[in-house]
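# Structural overview for review
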Amino acid sequence: MNLELLQVMGSIIINIQNIEGCLNIDFKQDNLNKDQFYFRMDWQNNIFFKSLLNSNEFDIFEGSLKTLCYNPTIEIIGKNNRVLKIIKKNYKRELQRI
């Protein structure tokens, strides 16, 4: 499933980068644990980030994680360096709290 995740995330990243307010996306596979991936998105501000949550691109991103990742953990670091860990499978609801 790792190959499928890498392929799907490649096209998702291109689409998300085209959303207004997206500054940077970093996606990589861990060198030691090939089943672990790192995904980071930087946004101009929380308004743009929250607009992502209502986009079709985020629905595709979320669906891909649910389908291709076993028990994913997502960490979001906000402007005030607050870390939100999401272990559940309802990212959108949890991310709205940022």
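Position numbers for residues start from 1 in each chain and track the written sequence from start to end. In keeping with the model being predicted, local features are shown solely for residues with a pLDDT of at least 70 and side-chain atom pairs are shown and tallied solely at 80 or more, while totals for entire chains, interfaces and linings include all residues. With hydrogens and water set aside, each side-chain value is computed from the structure's full complement of heavy atoms.

Before going further, it helps to spend a moment on the pattern of salt bridges. Oppositely charged side chains can pair when the atoms bearing their charge come close. What counts as a salt bridge is simple: a side-chain nitrogen of Lys or Arg found within 4 Å of a carboxyl oxygen of Asp or Glu. Evaluated as defined, the whole model comprises 2 salt bridges. As a salt-bridge pair, Lys28 and Asp26 come within 3.8 Å of each other at their nearest N and O atoms. Only protein chains enter the area calculation, which uses a 1.4 Å probe; residues under 20% of their type maximum are buried, those over 50% are exposed, and those in between are partly exposed. Residue class for Lys28 comes out partly exposed when judged on its relative accessible area of 45%. Accessibility expressed as a relative area gives 24% for Asp26, which makes it partly exposed. Its salt-bridge partner being Arg40, residue Asp42 comes within 2.8 Å of it at the nearest N-O pair. For Arg40, a relative accessible area of 40% puts it in the partly exposed group.

In this section: the packing of aromatic side chains. Ring pairs are drawn from Phe, Tyr and Trp, using the six-membered ring of Trp, whenever the two centres fall within 6.5 Å, and their geometry is named by plane angle: stacked under 30 degrees, edge-to-face over 60, tilted for the rest. In total, this model carries 5 aromatic pairs according to the counting rule given. With centroids separated by 5.7 Å and ring planes inclined at 45 degrees, the aromatic side chains of Phe58 and Phe61 adopt a geometry described as tilted. A residue pair is termed a helical-turn pair when its members lie 3 or 4 positions apart in one helix, as Phe58 and Phe61 do in helix α3 (residues 56-68) at 3 residues. Given a relative accessible area of 1%, Phe58 falls into the buried group. The buried category is assigned to Phe61, whose relative accessible area is 6%. Here a set of aromatic residues connected by ring pairs shows up, and it is made of Phe27, Phe37, Phe39, Phe58 and Phe61. Secondary structure follows DSSP: runs of H or I at least 4 residues long count as helices, runs of E at least 2 residues long count as strands, and numbering of each begins at the N terminus.

Interaxial angles span 0 to 180 degrees and are taken between N-to-C directions of axes, which are lines fitted to C-alpha atoms, for helices over the stretch in contact. Packing of helix α1 (residues 2-17) against α3 brings their axes to within 10 Å, and their N-to-C directions diverge by 165 degrees. Comparing their axes, α3 and α1 come out roughly antiparallel. Between α1 and α3 lies a crossing of left-handed hand. Where α1 abuts α3, its residues Glu4, Leu5, Val8, Met9, Ile12, Asn15 and Ile16 lie against Glu57, Ile60, Phe61, Ser64 and Leu68. Side-chain classes follow a simple rule in which Ala, Val, Leu, Ile, Met, Phe, Trp, Tyr, Cys and Pro form the nonpolar group, Asp, Glu, Lys and Arg form the charged group, and the remainder, Gly included, forms the polar group. Residue composition of the contact of α1 with α3, by class: 8 nonpolar, 2 polar and 2 charged. Any angle from 65 to 115 degrees is called roughly perpendicular, while one under 35 is roughly parallel, one over 145 is roughly antiparallel, and all others are oblique. Left-handed describes a crossing whose near helix is turned anticlockwise from the far helix through less than a right angle; right-handed describes the clockwise counterpart. Any two residues whose heavy atoms approach within 4.5 Å at even a single point are treated as in contact.

This brings us to the environment of Phe49. Relative to the elements of secondary structure, Phe49 occurs in helix α2 (residues 46-53). For the pair Phe49 and Ile19, spaced 30 residues apart in sequence, the C-alpha to C-alpha distance is 9.6 Å.

By this rule, a helix spans an expected 1.5 Å times one less than how many residues it contains. With 13 residues, α3 extends 18 Å between its outermost C-alpha atoms, agreeing within 8% with the 18 Å of an ideal straight helix rising 1.5 Å per residue. Among all positions of α3, only Phe58, Phe61, Glu62, Ser64, Leu65 and Leu68 are buried. End-on, the buried residues of α3 take up no more than an arc of 160 degrees, which puts them together on one face. Pointing more than 90 degrees away from the buried face of α3 are the exposed residues Asn56 and Thr67. Directions from the helix axis toward the C-beta atoms define the arc.

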